[in-house]
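Reading the structure
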Amino acid sequence: MNHILIIVGVLVLALTIAAGLIWVERRLLSLWQDRLGPNRVGPLGLGQVLADMIKLFFKEDWIPPFADKPVFVLAPGILVLTILLTFAIIPFGPHFYVFNSNIGILFFLGNSSLGVYSIVLGGWASNNKYSMIGAMRASAQMLTYEVFMGLSLMGVVMMADSFNLNTIVEAQKGGWFIIPQFIGFVVFFIAGVAETHRLPFDIPEAEGELVAGYHSEYSGMKFGMFFVGEYLGITLISALIATLFFGGWLGPSFLPPFVWLMIKTFFFIGIFILLRASLPRPRYDQLMTFGWKVLLPLALLNLLITGAILIFLK
Amino acid sequence: MNIFFYIAATVAITTTILAISRRNAIHALLNLILSLLSISVVLYLLDAQFIAALEVIIYAGAIMVLFIFVTMILNIGLENKQEKKWYNPRMWFVAAFFAGILFLDLILAVKNAQIQPVAAQVIHSKQVGISMFTTYLLAVEIAAVLLMAGIIGAFHLGSQEKKVMHRFLEKK
């Protein structure tokens with residue numbers, strides 16, 4: 001019974017944060033750009049979230065006649081499903097988790113590699129040139145960044161001696177992994193931005209060149225799924241960074257563990273939004289070159305040095 | 001536990017048959033991905049968690065994405081006439097005959113074998129790592145050399161000659 005409550009709680013929490021982020025992002029962006037942002041609906045404009053949701057639900061859900069119908073309908077669901085599944089492995093407190101798995105990090109990597117399908121299939125099923133180009137870019141970009149997303153986490157795994165996220169958090173009692181694993185953190189953060197294809201790495205949907213990229217043909221709630229999926233992705237990557245490198249729910253005892261994790265997560269969500277406000281989009285070949293020629297050697301070097309030091313200290 | 005195995009096994013067999021018989025290449029690949037995922041569930045139920053995770057990450061997540069990528073580039077997703085011709089009963093006959101022999105063989109083998117329960121112990125990633133770098137070191141090294149050859153080949157195929165002249169003055 002308790003377990004079912006936790007599952008429902010995590011699901012509701014993740015979806016609420018993702019929906020609320022629409023408002024948070026718009027307000028923060030306007031703060032940095034010296035505007036007011038949405039402030040009319042309800043207190044502080046918070047009703048904007050509700051208004052946007054009502055709009056998305058009641059929009060006409062149009063499937064183009066030239067689209068591949070079953071795949072077109074399936075694609076947005078895969079994105080939300082894979083990301084929501086990954087929330088299961090995040091420990092929100094000492095005994096507050098859905099799935100205490102021995103392969104926690106591998107579970108996350110597997111789900112994130114399945115998430116690629118959503119975008120690739122969405123673009124392919126739309127049967128539209130812009131969507132197709134977006135899907136091609138997305139598959140190349142996400143395949144590339146997945147490689148060292150996994151490699152950058154291996155340093156943490158070696159130090160904690162486990163793939164289990166609960167063990168990793170416990171292992172950080174002596175000190176957060178951000179200090180010994182700084183390179184790993186940087187690589188993971190950049191790969192995380194690319195994996196959620198957020199600005200500045202939103203090349204698959206670059207609206208300046210590709211209309212809206214892979215979701216050009218989507219409308220109504222199917223577009224809403226892609227939209228919410230993006231914010232869910234940001235929340236997930238932020239929560240993972242907080243868990244893997246910043247001690248997760250560890251913190252001074254005047255606040256409960258859950259609140260500590262939330263504070264850390266929202267800090268990184270803020271950085272994600274700040275990135276959008278401040279950085280221009282790189283060219284596509286620059287993105288790939290940067291990935292293979294800078295980040296991959298860095299991740300491998302980090303792995304090598306961490307391993308050497310760990311063996312030396314034993 | 002058993003019921004999960006039977007569900008996963010049924011899904012695996014059904015999706016594999018669908019993967020062979022779909023004429024649309026992308027639909028076939030989607031079914032193949034489902035089949036790989038259900039095999040991963042079977043491996044997880046056998047307590048081989050690490051291999052189950054690798055099955056998803058490498059096969060379903062990376063290799064099949066490349067398949068779909070190539071299918072998209074070559075634009076062979078739609079059904080073509082040549083393949084339609086292959087799907088008549090005559091073409092299936094020989095293959096079905098030999099597959100039937102194999103199936104009978106399998107049934108006999110399963111029936112006669114002394115069935116032992118699978119060793120009920122969780123195989124941790126640490127054990128997999130240790131055996132990879134001790135017992136199976138040679139195989140790992142050979143696989144690495146093979147992959148290196150592949151990378152060099154891909155680099156050779158993909159490399160372009162450097163252009164030194166102005167593009168309007170180019171010869172050829």
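Here we summarise the structure given alongside this text. Small disclaimer: the values here were computed from a predicted structure and weren't measured.

A few words on the overall build of chain B. The helix and strand inventory of chain B stands at seven helices and zero strands. For chain B, the succession of helices and strands along the chain, N to C, is α-α-α-α-α-α-α. When the 172 residues of chain B are sorted by exposure, 20% land in the buried category. Nonlocal contacts in chain B, meaning residues at least 24 apart in sequence, comprise 60% of its contacts between residues at least 6 apart. Carbon and sulfur atoms form 72% of the exposed surface of chain B, whose accessible area is close to 13700 Å².

Of the residues lining the interface, 26 residues belong to chain B; the matching set on chain A comes to 24 residues. Between chain B and chain A lies a buried interface of about 2100 Å² when both sides are counted; carbon and sulfur atoms form 78% of it. When the area that chain B buries against chain A is broken down by residue, the three leading residues are Ile57, Val65 and Met72 of chain B, summing to 27%. Taken together, the connections running from chain B to chain A amount to zero salt bridges. Summed over the shared surface of chain B and chain A, the number is three residue pairs in polar contact (both at pLDDT 80 or more). Every element with two or more residues in the side of chain B that touches chain A is listed here: α2 (25-45), α3 (49-74) and α6 (125-133) of chain B. Considering every element that reaches the side of chain B that touches chain A, the biggest residue donor is α3 of chain B, with 15 residues. Its residues assigned to classes, the side of chain B that touches chain A comprises 18 nonpolar, seven polar and one charged.

All names here are of chain A. Going through the model one piece at a time under the given rule, you end up with eight salt bridges over all chains. For Glu25, the salt bridge is made with Arg198, and the minimal N-O distance between the two is 2.6 Å. Here Glu25 is found in helix α1 (residues 2-32), whereas its partner Arg198 is found in the loop between α7 (182-195) and α8 (207-210), with 173 residues between them in sequence. What makes Glu25 buried here is its relative accessible area of 1%. Here Glu25 makes a salt bridge to Arg276, at a shortest N to O gap of 3.1 Å. Within this pair, whereas Glu25 is found in helix α1, its partner Arg276 is found in helix α10 (residues 257-278), the two being separated by 251 residues in sequence. One network of salt bridges, in which partners are shared, links Glu25, Arg198, Glu230 and Arg276.

Moving on, we get to a nonpolar patch on the surface. Nonpolar side chains collect at one region of the surface, where Leu301, Leu304, Ile305, Ile309, Phe312 and Leu313 of chain A lie side by side and expose about 710 Å² of accessible area between them. Among the secondary structure elements, Leu301 of chain A is positioned in helix α11 (residues 284-313).

Here we take up the packing of aromatic side chains. Residue and element names in this part refer to chain A. One pass over the structure, following the stated rule, counts 25 aromatic pairs over all chains. For the pair Phe72 and Tyr218, a centre-to-centre distance of 4.1 Å together with 0° between the ring planes defines the contact as stacked. Placement of Phe72 in helix α3 (residues 69-86) and of Tyr218 in the loop between α8 and α9 (220-245) is noted, with a sequence separation of 146 residues between them. For Phe72, a relative accessible area of 0% translates into the label buried. With a centroid separation of 6.3 Å and 65° between ring planes, the pair formed by Phe108 and Phe188 is classed as edge-to-face. One end of the pair, Phe108, is in helix α4 (residues 104-126); the other, Phe188, is in helix α7, with 80 residues separating them in the sequence. Note on accessibility: Phe108 and Phe188 belong to one class, buried.

What follows deals with the packing of helix α5 (residues 129-160) of chain A against α7 of chain A. Residue and element names in this part refer to chain A. Packing of α5 against α7 leaves a shortest axis separation of 9 Å and a crossing angle of 150°. Between α5 and α7, the crossing angle belongs to the class labelled roughly antiparallel. Both α5 and α7 take part in a crossing whose hand is left-handed. Residues Gln141, Met142, Tyr145, Glu146, Phe148, Met149, Ser152 and Leu153 of α5 touch α7, and the partners they reach there are Gly184, Val187, Phe188, Ile190, Ala191, Gly192, Ala194 and Glu195.

Mapped onto the elements, Asp52 of chain A comes out in helix α2 (residues 47-58). Filtering out sequence-adjacent residues up to four positions away, Asp52 of chain A remains in contact with Ile22 and Arg26 of chain A.

Here is what the cut-offs are and how they apply
- Residues numbered from 1 in each chain as written.
- Chains lettered and ligands numbered in written order.
- Predicted model: local features only at pLDDT ≥ 70, side-chain atom pairs only at ≥ 80, totals over all residues.
- Heavy atoms only, no water.
- Helix = DSSP H or I, 4+ residues; strand = E, 2+ residues; numbered from the N terminus.
- Buried < 20%, exposed > 50% of the residue type's maximum accessible area, 1.4 Å probe, protein only.
- Contact = heavy atoms within 4.5 Å.
- Areas by Shrake-Rupley, 256 points an atom, 1.4 Å probe, with all protein chains shown as cover.
- Buried area = accessible area lost by both parts, 1.4 Å probe.
- Salt bridge = Lys/Arg side-chain N within 4 Å of Asp/Glu carboxyl O.
- Polar contact = N/O pair within 3.5 Å; in protein donor to acceptor, adjacent residues only side chain to side chain.
- Nonpolar A, V, L, I, M, F, W, Y, C, P; charged D, E, K, R; others polar.
- Patch = residues over 30% accessible without salt bridge, like charges linked within 9 Å, V, L, I, M, F, W, Y side chains within 5 Å.
- Phe/Tyr/Trp six-rings, centres within 6.5 Å; stacked < 30°, edge-to-face > 60°.
- Axes fitted to C-alpha atoms, helices over the stretch in contact; angles between N-to-C directions.
- Parallel < 35°, antiparallel > 145°, perpendicular 65-115°, else oblique.
- Left-handed = near helix turned anticlockwise from the far one by under 90°.

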